[in-house]
Amino acid sequence: MIDFHCHIDLFPNPAEVISEAVKRGTYVLAVTTTPLAFEGNLQLIGDAKRIRVAVGLHPELVGERYREVDQVCDLMRRTRYVGEVGLDGSPAHRGSLPRQRDVLQRVLSECAQQGGKIISMHSRMATTAVLDEIERCGSLGIPILHWFSGNEDELQRAVDLGCWFSVGPSMLGGQKGRRLVSLMPTDRVIPETDGPFAKVNGKTLMPWDSEASIPILASLWGIEISEAAQKVKSNFLRLSV
Ligand code: MN
């Protein structure tokens, strides 16, 4: 299985989660929320197979930690994976939007400069603003909108801008999420969990729980479950080359 957006270091027992993921053969993109956490994750994960670490600065933390963007840009030289970055326009974080935008512009222009980046992006209540930044940047690598929650016009614009989408059991649990996923190009969808933040029926999603998305994707795409599994695997392989 593949979990392309997971906060592996924020589980109460990261070492156990990592060894279980390795045992199960789960591919994980460990996104991080601060540059310090990137370093910590590299140590935590060591040489664990199939787990990669992204460097990020979560938009919810930018209000306090915007100065750390310099470190993010430096650390980006050590990985092709960037995230979690983006914008959050929800009431609690709206106040820091100007700063969030500055930070995102810095990060994305650094992505464009370094080239070849895969960027896991947050866009809660700020979809259009995130798409504006992606568009402004031109060729910045592959932006992956995680847990996309915009409207259908914004989705079409994201598709036209070349975005990919990481989708998980929480998003697919609701009618709006399923409708959006059904409109995404099937060759640009990749599983995620957003664990440990995301829960289904009160239960925290573990990286391997991204498996639960496959039957839902199969039914949205009108194909067999095994074909849907194949499809997301081949998407993942295209991303990884
Ligand atoms: Mn997240």
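One structure accompanies this document, and this report is about it.

Cut-offs applied
Residues numbered from 1 in each chain as written. Predicted model: local features only at pLDDT ≥ 70, side-chain atom pairs only at ≥ 80, totals over all residues. Heavy atoms only, no water. Salt bridge = Lys/Arg side-chain N within 4 Å of Asp/Glu carboxyl O. Helix = DSSP H or I, 4+ residues; strand = E, 2+ residues; numbered from the N terminus. Pairing = 2+ DSSP bridges. Axes fitted to C-alpha atoms, helices over the stretch in contact; angles between N-to-C directions. Contact = heavy atoms within 4.5 Å. Right-handed = clockwise from strand over helix to strand, strands pointing away. Buried < 20%, exposed > 50% of the residue type's maximum accessible area, 1.4 Å probe, protein only. Donors = N, O, S within 2.8 Å, 3.2 Å for Na, K, Ca; no water. Parallel < 35°, antiparallel > 145°, perpendicular 65-115°, else oblique.

Turning to the pattern of salt bridges, a few remarks are in order. Overall, the coordinates contain 14 salt bridges when judged by the stated rule. The residue R78 makes a salt bridge to E39 at a minimum N-O spacing of 3.5 Å. With R78 in the loop between α4 (69-75) and β4 (81-86) and E39 in helix α2 (residues 35-45), the pair connects residues that are 39 residues apart, well separated along the chain. In this structure, D209 and K203 form a salt bridge, with 3.7 Å as the shortest nitrogen-oxygen distance. Taken together, the shared-partner salt bridges in this structure form one network comprising E20, K23 and R24.

All right, on to the sheet that holds strand β8 (residues 189-191) then. Strand-to-strand pairing in sheets goes through backbone hydrogen bonds, with the strands running parallel or antiparallel. Pairing is parallel across the open sheet formed by five strands, whose spatial order is β4-β5-β6-β7-β8. One side of each edge strand has no neighbouring strand; the edge strands of this open sheet are β4 and β8. When the angles between neighbouring strand axes are averaged without regard to direction, this sheet yields 30°. Judged from the three bridges that link them, strand β6 (residues 142-146) and strand β7 (residues 164-167) form a sheet pairing that is parallel. Each residue of the ladder has a partner; that of I144, found in β7, is W164. Set on the sheet, helix α11 (residues 225-240) makes contact with β5 (118-122), β6, β7 and β8; between it and β8 the angle comes to about 100°.

What follows concerns the pairing of strand β2 (residues 27-30). Note on strand geometry: in a regular strand, side chains alternate between the two faces of the sheet. Here three bridges tie strand β1 (residues 2-6) to β2, and the two strands are oriented parallel to one another. Counted as the bridge partner of D3 is V28 from β2. The β-α-β motif built from β1, the intervening helix α1 (residues 14-24) and the parallel element β2 has right-handed crossover chirality. Of the strand pairs in this sheet, β2 and strand β3 (residues 51-53) are connected by three bridges, and their pairing is parallel. Of the residues in β3, the one forming a bridge with A30 is V53. At this point the chain moves from β2, through α2, to the parallel β3, and the crossover so formed is right-handed.

Residue E84 is bonded to the preceding G83 through a cis peptide linkage, with omega at 15°. Mapped onto the fold, E84 is located in strand β4. Positioned with a positive phi, D194 is a non-glycine residue whose angle comes to about 60°. Within the secondary structure, D194 is located in the loop between β8 and β9 (199-200). Positive phi is not limited to glycine here, since N201 has a value of about 50°. Along the chain, N201 turns up in the loop between β9 and β10 (203-204). Taking the relative accessible area as the measure of exposure, N201 reaches 80% and is therefore exposed.

Those donors, H5 (NE2), H7 (NE2), E84 (OE) and D194 (OD), are the protein atoms that reach the manganese ion, and they lie 2.3 Å from it. Each donor residue of the manganese ion belongs to the same chain, with the gaps between them written as H-x1-H-x76-E-x109-D. One end of the pair, H5, is in strand β1; the other, D194, is in the loop between β8 and β9, with 189 residues separating them in the sequence. The class for D194 is buried, based on a relative accessible area of 7%.

What follows is about the environment of Q175. Along the chain, the position of Q175 falls in helix α9 (residues 175-183). Distance from Q175 to F11, taken between C-alpha atoms, is 28 Å for residues 164 residues apart in sequence.

Mapped onto the secondary structure, S219 falls in helix α10 (residues 213-221). In this structure, the C-alpha to C-alpha distance between S219 and S182, residues 37 residues apart in sequence, is 9.5 Å.

Interaxial distance between α10 and α11 falls to 8 Å at its minimum, and their mutual angle equals 100°. Considered as vectors, α10 and α11 are oriented roughly perpendicular to each other. Taken together, the residues of α11 that come into contact with α10 (itself represented by I214, P215, L217, A218 and W221) are I225, A228, A229, K231 and V232.

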